Protein chains: 2
Amino acid sequence: MEELKKEFTEITRLNYVRYVLGWDEQVNLPKGSFEARAEQNALMSRIAHERLVSDKIGYLIKEAEKLTGLDLTDSATLREAKRDHEQEVKLPTELVEEISKTASISHIKWVEARQKNDFSIFEPLLDKTIELQIQVAEKLATHPDPYSTLIDLYEPGATYDWIASIFKKSKQKLNTIIKKLDDSSDKPDFSILTQKWDKDKQWNFSVEVVKGLNFDFNKGRQDKSVHPFTTSLSSSDTRITTRIDENFLSTCIFGSIHECGHALYEMGLVKEIHDSVLASGCSMGVHESQSRMWENMVGRSLEFWKYWFPKLKETFPNNLKNKSVEDFYRSANTVQPSLIRVEADEVTYGMHIILRFELEKDIIEGNVQVKELPELWNEKMENLLGIRPPTNSDGVLQDIHWSGGSFGYFPSYFLGNLYGAQFYNTALKHHPTLHKEYEKGNFSNLLAFLRENIHQYGKIYRARELIKRVTGEDLNPDYFMAYLEKKFYPIYRI
Amino acid sequence: MEELKKEFTEITRLNYVRYVLGWDEQVNLPKGSFEARAEQNALMSRIAHERLVSDKIGYLIKEAEKLTGLDLTDSATLREAKRDHEQEVKLPTELVEEISKTASISHIKWVEARQKNDFSIFEPLLDKTIELQIQVAEKLATHPDPYSTLIDLYEPGATYDWIASIFKKSKQKLNTIIKKLDDSSDKPDFSILTQKWDKDKQWNFSVEVVKGLNFDFNKGRQDKSVHPFTTSLSSSDTRITTRIDENFLSTCIFGSIHECGHALYEMGLVKEIHDSVLASGCSMGVHESQSRMWENMVGRSLEFWKYWFPKLKETFPNNLKNKSVEDFYRSANTVQPSLIRVEADEVTYGMHIILRFELEKDIIEGNVQVKELPELWNEKMENLLGIRPPTNSDGVLQDIHWSGGSFGYFPSYFLGNLYGAQFYNTALKHHPTLHKEYEKGNFSNLLAFLRENIHQYGKIYRARELIKRVTGEDLNPDYFMAYLEKKFYPIYRI
């Protein structure tokens, strides 16, 4: 067991080194250096892969499986070590290389197709990518149906059926809420946010906010990048990035809070599992639950802004003249069916995911042709949100995920909302005064609850095990729906 | 041969990955993350070491040595591959680890000793470090005398005797020049530079200057760090750093030009040797010749400032009111015997190096006790520059090098000045109008000359081979001395 752990400590550190390269690539890399960096990435991936598939690790896993009476951490270590090892062993090197090569070209073609609004440029690559992902599902075969196998890569233990039943229930309820809000005659004034906001001041404000949320700048940093992300470069170095839109305040502020939520998770791992195979979030969905909880349930709450709005007004006196904290709060919680997922509000967001989830199922099972996707997308969009993308760039071409072969990833975004609401509900039961504390700028009790119940464990518990432990029941979308109704009906004066 | 090259391409890329870690450590790393990063560094060093000492590489070198008719690049590749391989093979792992561990503690003790101005804190560690370096020299034994073996690590092919004869000649001449300048009754006004200079404006100006010198921001960047340095993170990604002193203009501007000089060398490697064992400067001395040439011969020339001074004046109108370009030029070329090497001017700098070179020889040959060093240092300082350090922090404790075990490194700094002047002399012969071009902001012809004759070759030629090829003779300190006289006598109205 000790030897197995030691091996995985080195693999984890090799992965951290890869993440240093990745972070640098997105934050710093000069334009003319991408090719050389790609070679370095490929070399480091190969070194990590060779370690992971080594006979030594295979042997150590077999030996460890003979042990009885393993404690919680050791059994989780063995489970995750085996999972990582088998995943790498089952996928032939040629397939992995083919996927990697295809992804590079596919990404370029996707960018071009999106720019030119021409799906046919991307179509053959998407076709190839899907074919390769179906092969991946066949090789791994962790579930009887291929789509569940792919989902399992991001959401260990989750299946299509389980998610489908949750999403079905969610869809109906979301439909009702969206209709009700749409019928309101007293809607927020969204234009407050879309004024001109000085970029440097936005940056400084975002740094103050994440500091206020207890992001530890002694063990992390915030930088700027084109696509915001969070990454850990060691168990004591978690970095977030943000982007700034001069004409839209939310991008930077709420983006920073979102990434800060991810980072607080990574920063909260118990020392015992640092640099180990358990040193990360337990699933993409649970990770997303943390970012969305901080972004939406905390960062878009009235009490949060009762504390921060006066500071924001001091920073941007002209933009917020004659605006009250309530005006600002309502503006930041505008609900509006829209075409682009990443710009969607809390309420309609789920529909964007349900659309992709349904399409992915049919794609992976071969029930639809790639060339049919644009039309199917538009139909579903009209069906779910009542709007039809005028171009494919606003529709099927909008997301980067499929170009990289990430099928099965999307559901975790919406699962994150659901997990988050359920965790938050429990947190509020334990600490009914949380929101009162936000008004005073005190956000440490929520963090303490999350650290104690979620963060410290890393991958020790699987997601569904964790939610049962923390909240006493399996994932239940009712909490999220109740949260939406309680929050948004008053905002819309319903 | 192809296989050998392939192996070294991977080793070179592994080293680049290590340099990414190193750059990030100095530019970005949060304070609380150093321990974890040290573990990553150690792991990557071990992986690179294992590759370098592998039987496979030993075998490939032996096989390649049987080949006849290797071209220039291939023979140099074989020579450098063998050098790197043998160096790693000859040093026992335990010794390397002992050195690494000692260096970590030694560095901490050196910092403390310097802060407290107490040599005794550092003394035992320095003693140990010297002992380990003597062991290194014994194991490597590339030259009959141990100090030459250590020098060879930084200046391949150079020996103590060769450098000693050059330095002896230099010392006499420098002595004469320093005395003459000191006797002048019309000295520059140094205080122009030591006003208050806005930090952001200094930064922006330094970026403009290095752009003007043809640093390619498409294949590199400039950042800030405590100690300025240059590093290549791939053959198309060379990064420089600078530091900014609000009360002294030279630190940032001339520091940036210096590092830019290093970077232009690395950016000029011919594509054929990218990512190979030849992808770097041919010696520390030749590398330093490039940085000092750009910093001093170009960056501190009157013609350089004829172009840049109006821009500087526009940026800092208050500081430069009533100052002419000649005033500024003279100020930037003030000569003054001083205690700290890194702050020394062009003329007295050599004396600082000669002092260290003479001491190192005695240290490595066991002719002096470590406890005698402070007094010996002070005596030599008085002897060479006529000033005596009032504290050991201003004397023997000032440099970081010995704490890390870098004995034999110092001579390359002064060799750099000498190489630089000789190269520059040849450049001027080929392009007599260079300085006229500087007045117009055109610095590309010097770069073209250096690219064609020096940069592109990387490690293909050894330093002494290179200088003979480029200038027609072996290293000759007369060129540097003539340059000093021609430049500084007029500045001092002699």
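Residues numbered from 1 in each chain as written. Chains lettered and ligands numbered in written order. Predicted model: local features only at pLDDT ≥ 70, side-chain atom pairs only at ≥ 80, totals over all residues.

Comments concerning the sheet that holds strand β3 (residues 237–242) of chain A
Residue and element names in this part refer to chain A.
Thinking step 1. Taken in spatial order, the three strands make up an open sheet running β1-β3-β2, and their pairing is mixed. Each end of this open sheet is capped by a strand with a single partner; those strands are β1 (220–224) and β2 (230–234). On average, adjacent strands in this sheet sit at an angle of 25° to one another, irrespective of strand direction.
Thinking step 2. In the sheet, β1 pairs with β3 via five bridges, with the strands oriented parallel. For G220, the partnering residue across the bridge sits in β3 and is T238.
Thinking step 3. The strands touched by helix α10 (residues 249–267) are β1, β2 and β3; relative to β3, the strand with the most contacts, the crossing angle is about 165°. (Pairing = 2+ DSSP bridges. Helix = DSSP H or I, 4+ residues; strand = E, 2+ residues; numbered from the N terminus. Axes fitted to C-alpha atoms, helices over the stretch in contact; angles between N-to-C directions. Contact = placed C-beta atoms within 7 Å.)

Things to note about unusual backbone geometry
Residue and element names in this part refer to chain B.
Thinking step 1. For N322, which is not glycine, the phi dihedral falls at a positive 65°.
Thinking step 2. Mapped onto the elements, N322 comes out in the loop between α12 (302–315) and α13 (325–331).
Thinking step 3. Positioned with a positive phi, R493 is a non-glycine residue whose angle comes to about 55°.
Thinking step 4. Judged by C-beta crowding, with 11 C-beta atoms within 10 Å, R493 ranks as exposed. (Buried ≥ 20, exposed ≤ 12 C-beta atoms within 10 Å, placed from the backbone.)

Focus on the relation of the copies chain A and chain B
Thinking step 1. Here chain A sits on chain B after a turn of 179° about the axis and a move of 0.0 Å along it, with an RMSD of 0.1 Å. Taken together, the turn and the small shift mark the pair as related by a two-fold rotation axis.
Thinking step 2. A shared binding surface is used by both copies, with 97% of the interface residues of chain A retained as interface residues in chain B. (Least-squares fit on C-alpha atoms with pLDDT ≥ 70 in both.)

Some remarks on the sheet that holds strand β3 (residues 237–242) of chain B
Residue and element names in this part refer to chain B.
Thinking step 1. Spatial strand order, β1-β3-β2: three strands in an open sheet with mixed pairing. With one partner strand each, in any of the chains shown, β1 (220–224) and β2 (230–234) form the two edges of the open sheet. Each neighbouring strand pair of the sheet contributes to a mean axis angle of 25°, computed without reference to strand direction.
Thinking step 2. The sheet contact formed by β2 and β3 spans four bridges and is antiparallel. Among the inter-strand pairings, T231 is bridged to a residue of β3, identified as R239.
Thinking step 3. Against the sheet, helix α1 (residues 2–27) contacts β1, β2 and β3, and its axis sits at roughly 135° relative to β2.

A look at helix α9 (residues 199–212) of chain A
Residue and element names in this part refer to chain A.
Thinking step 1. Between its first and last C-alpha, α9 extends 20 Å over 14 residues, near the 20 Å set by a 1.5 Å rise per residue.
Thinking step 2. Taken residue by residue, α9 has Q202, F205, S206, V209 and V210 as its buried positions. Taken around the axis of α9, the buried residues stretch over an arc of 130°, which confines them to a single face. For α9, the exposed residues set more than 90 degrees away from the buried face come down to D200 and N204.
Thinking step 3. The inward-facing, buried residues of α9 contact β1, β3, α10 and α12 (302–315). (Expected span 1.5 Å × (residues − 1). Arc of directions from axis to C-beta.)

A short note on the interface of chain A and chain B
Thinking step 1. Every contact between the two is made by 30 residues of chain A and, on the other side, 29 residues of chain B.
Thinking step 2. Among the secondary structure elements, those contributing two or more residues to the side of chain A that touches chain B are α1 (2–27), α2 (34–52) and β1 of chain A.
Thinking step 3. For the side of chain A that touches chain B, the element with the highest residue contribution is α1(A), accounting for eight residues.
Thinking step 4. When grouped by side-chain class, the residues that make up the side of chain A that touches chain B number 12 nonpolar, nine polar and nine charged. (Nonpolar A, V, L, I, M, F, W, Y, C, P; charged D, E, K, R; others polar.)

Digging into the environment of A:D186
Residues and elements named next belong to chain A.
Thinking step 1. Position of D186 relative to the elements: it lies in the loop between α8 (160–183) and α9.
Thinking step 2. Linking D186 and N442, residues 256 residues apart in sequence, is a C-alpha distance of 32 Å.
Thinking step 3. Once residues lying within four places of it in the same chain are set aside, the contact partners of D186 are Y492 and R493.

What about the domain arrangement of chain A?
All names here are of chain A.
Thinking step 1. According to the domain assignment, chain A contains domain 1 (2–145) and domain 2 (146–494).
Thinking step 2. Each of domain 1 and domain 2 has a C-alpha centre, and the two are 25 Å apart.
Thinking step 3. Facing 44 residues of domain 1, the contacting portion of domain 2 comprises 41 residues.
Thinking step 4. Of all the elements in the fold, those that place two or more residues in the side of domain 1 that touches domain 2 are α1, α4 (72–90), α5 (93–116) and α6 (119–140).
Thinking step 5. For the side of domain 1 that touches domain 2, the leading source of residues is α6, giving 13 residues.
Thinking step 6. Broken down by class, the residue content of the side of domain 1 that touches domain 2 amounts to 22 nonpolar, 13 polar and nine charged. (Domains from an automatic or database assignment.)

A word on α12(B)
All names here are of chain B.
Thinking step 1. With 14 residues, α12 ought to run about 20 Å at 1.5 Å a step, and its terminal C-alpha atoms sit 19 Å apart, in line with that.
Thinking step 2. A maximum bend of about 45° is found in α12 at W308, where proline P310 lies one to four positions downstream.
Thinking step 3. Of the residues making up α12, those classed as buried are L302, F304, W305, W308 and L312.
Thinking step 4. Considering only its buried residues, α12 is in contact with α9 (199–212), α11 (284–298), α13 and α17 (434–439). (Bend = angle between axes of the 7 residues up to and from the residue.)

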